[in-house]
Amino acid sequence: MGILRVYINSFKGLSKEAWMLAAVMLINRSGSMVLPFLGVYMTDHLHFDLKESGIVLSFFGVGSVVGSWLGGFITDRFGEFKVQVSSLFLSAPMFAMLPFFTTVHGLAAGIFIQSVISESFRPANSVAITKYATPENLTRAFSLNRMAINLGFSIGPALGGILAAVSYNFLFIVNAVAVLVAGVVYTRFFSRRSAQFRPAKRTQQKETANAAITREGSAYRDVPFIIYSVFCGIFSICFFQFFNTLPLFYRDEAKLPQTTIGYILGYSGFVIVVMEMLLVNMAEKKLTPAATLFAGAMGTALSYSMLALSHHLFVLVLSITVLSLAEILVLPFMSAITALRSGKGNKGSYMGLNGMAVSISFIITPLLGTRVASDFGFDTLWTGTGIILLVVAVALYYCVKRMMPGRTATRH
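Novice: Can you help me understand a nonpolar patch on the surface in this one?
Specialist: There is a patch of nonpolar side chains on the surface, built from Val-166, Phe-170, Ile-173, Val-177 and Val-181 and spanning about 430 Å² of accessible area. The greatest single-element share of the nonpolar patch, amounting to four residues, is contributed by helix 9 (residues 169–196). As for its placement among the helices and strands, Phe-170 is situated in helix 9. Among the residues examined, Phe-170 registers a relative accessible area of 37% and is labelled partly exposed.

Right, here's the structure in full:
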């Protein structure tokens, strides 16, 4: 009953706008089935080899970097509402058009354009979360949004595995419809609220507590934050193998069918949905932000290293469970630290810069991951990933301690 009470209390204080942002994200991500199966789609349906698939997937990363920068830039100038609406309504037709690109160059170009459009949504969405949250519940507001993402992601890949067994074209069509519905829901709810909403006035104590970590200048001149973002990017290069190299490993090395791959990826989302708010609430009370990121990066190292030991289904499920719990301790706190580091008029640039660091992983990860797996084997890939993550865990710990001295930034 004590844990249940803590879990219920972790949702208290969140605004209805925060809940609606999460609902829109749930609708959007429930149709997210293209990216996890894109590598399998290219090798099975279009008959690309591993290296060609890696090239196309890297163009998603290039578009993601451009989209993150563009989204942050225009959000600071035009507001998060216009950017999110534009991104959602332009993404839908692009998803529907992707099956018509059947060559390496054509699909790479299509993926790049779609990625620029869809990824410009992320900085704007993060700014919207900070707009409708208070300092006390900022991390939990990000967690609620991520919980919606992962609930949708637990539905999307599972459904995607079923649809892929019938026709890969269904993946793109359903993804387009989900994005379109998300755009309609978001526009109807926020069209008036975006202009009318004014954040609640903070007390002098909160302003003083945040003054030590917020910055009003450009994110691109904040050297400690740039260093922090670099290590966030390295972490992401390792972590986001979840989206491309890991499904290929499941298929080629573990010999799992598409439906089982979908169920495992969906199970990951389910674990995060059930555990995220509880684990974030506990981490805020028991750990510093630096210690939380350290624990999450160490857990990620453990989860990938386990894959080099055995390909048994039990080990695969245990690994994805550890990875899901570790993710909870990294990604929402990574976003909250970025928001708290920024000022009132530059949140888009801070979110965009950190988003770019994360998005670079979508360029490097598929190219590097598929190349290492092809030339040296998956066991070498997972062992190397674990070693790199151990270094990143230590680096993130000291970066955050320097940027956010003390425990007041996320603990209340």
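Novice: Honestly, helix 5 (residues 80–97) in this entry has me stumped. Any pointers?
Specialist: Owing to its 3.6 residues per turn, the α-helix brings residues three or four apart onto one side. Its 18 residues place the ends of helix 5 26 Å apart at the C-alpha level, agreeing with the 26 Å of an ideal helix rising 1.5 Å per residue. The axis of helix 5 is deflected most strongly, by about 25 degrees, at Ser-91, and proline Pro-93 appears within four residues downstream. Residues of helix 5 that are buried include every one of Glu-80, Phe-81, Val-83, Gln-84, Val-85, Ser-87, Leu-88, Ser-91, Ala-92, Met-94 and Phe-95, and no others.

Novice: Can you walk me through unusual backbone geometry in this structure?
Specialist: Across residues other than glycine, the phi torsion is negative in most instances, and most of the peptide bonds are trans. The residue His-47 is not glycine, and still its phi comes out positive at about 60 degrees. Mapped onto the fold, His-47 is located in the loop between helix 3 (34–44) and helix 4 (50–78). Exposure remark for His-47: the relative accessible area of 63% places this residue in the exposed category.

Novice: Please explain the packing of helix 12 (residues 245–252) against helix 19 (residues 378–403) as it appears in this structure.
Specialist: A pair of packed helices is characterised by two quantities: the angle between their axes and the separation of those axes. Contact geometry of helix 12 with helix 19 gives a least axis separation of 11 Å together with a crossing angle of 145 degrees. Judged by the twist between their axes, the crossing of helix 12 over helix 19 is left-handed. Facing helix 12, whose interface residues are Thr-245, Leu-246, Leu-248 and Phe-249, helix 19 presents Phe-378, Leu-381 and Trp-382. Looking at the contact of helix 12 with helix 19, its residues break down into six nonpolar, one polar and no charged.

Novice: Hey, could you run me through the side chain of Ser-120 in this one?
Specialist: Looking at the secondary structure, you find Ser-120 in the loop between helix 6 (104–119) and helix 7 (121–131). On the accessibility criterion, Ser-120 (8% relative accessible area) is buried. Reaching out from Ser-120, the side chain makes a polar contact with the backbone oxygen of Ile-117 at a distance of 2.7 Å.

Novice: Which parts of the structure should I look at to understand the pattern of salt bridges?
Specialist: Pairing of side chains with opposite charge becomes possible as their charged atoms draw close. Scanning the model with the defined rule gives five salt bridges in all. Among the salt bridges present, the one from Asp-44 reaches Arg-251, with a minimum N-O distance of 3.1 Å. Of this pair, Asp-44 sits in helix 3 while Arg-251 sits in helix 12, and the two are 207 residues apart along the sequence. We classify Asp-44 as partly exposed; its relative accessible area is 34%. Linked through salt bridges whose partners overlap, the residues forming this network are Asp-44, Arg-251 and Asp-252.

The rules behind these values
Residues numbered from 1 in each chain as written. Predicted model: local features only at pLDDT ≥ 70, side-chain atom pairs only at ≥ 80, totals over all residues. Heavy atoms only, no water. Patch = residues over 30% accessible without salt bridge, like charges linked within 9 Å, V, L, I, M, F, W, Y side chains within 5 Å. Areas by Shrake-Rupley, 256 points an atom, 1.4 Å probe, with all protein chains shown as cover. Salt bridge = Lys/Arg side-chain N within 4 Å of Asp/Glu carboxyl O. Helix = DSSP H or I, 4+ residues; strand = E, 2+ residues; numbered from the N terminus. Buried < 20%, exposed > 50% of the residue type's maximum accessible area, 1.4 Å probe, protein only. Expected span 1.5 Å × (residues − 1). Bend = angle between axes of the 7 residues up to and from the residue. Axes fitted to C-alpha atoms, helices over the stretch in contact; angles between N-to-C directions. Left-handed = near helix turned anticlockwise from the far one by under 90°. Contact = heavy atoms within 4.5 Å. Nonpolar A, V, L, I, M, F, W, Y, C, P; charged D, E, K, R; others polar. Polar contact = N/O pair within 3.5 Å; in protein donor to acceptor, adjacent residues only side chain to side chain.

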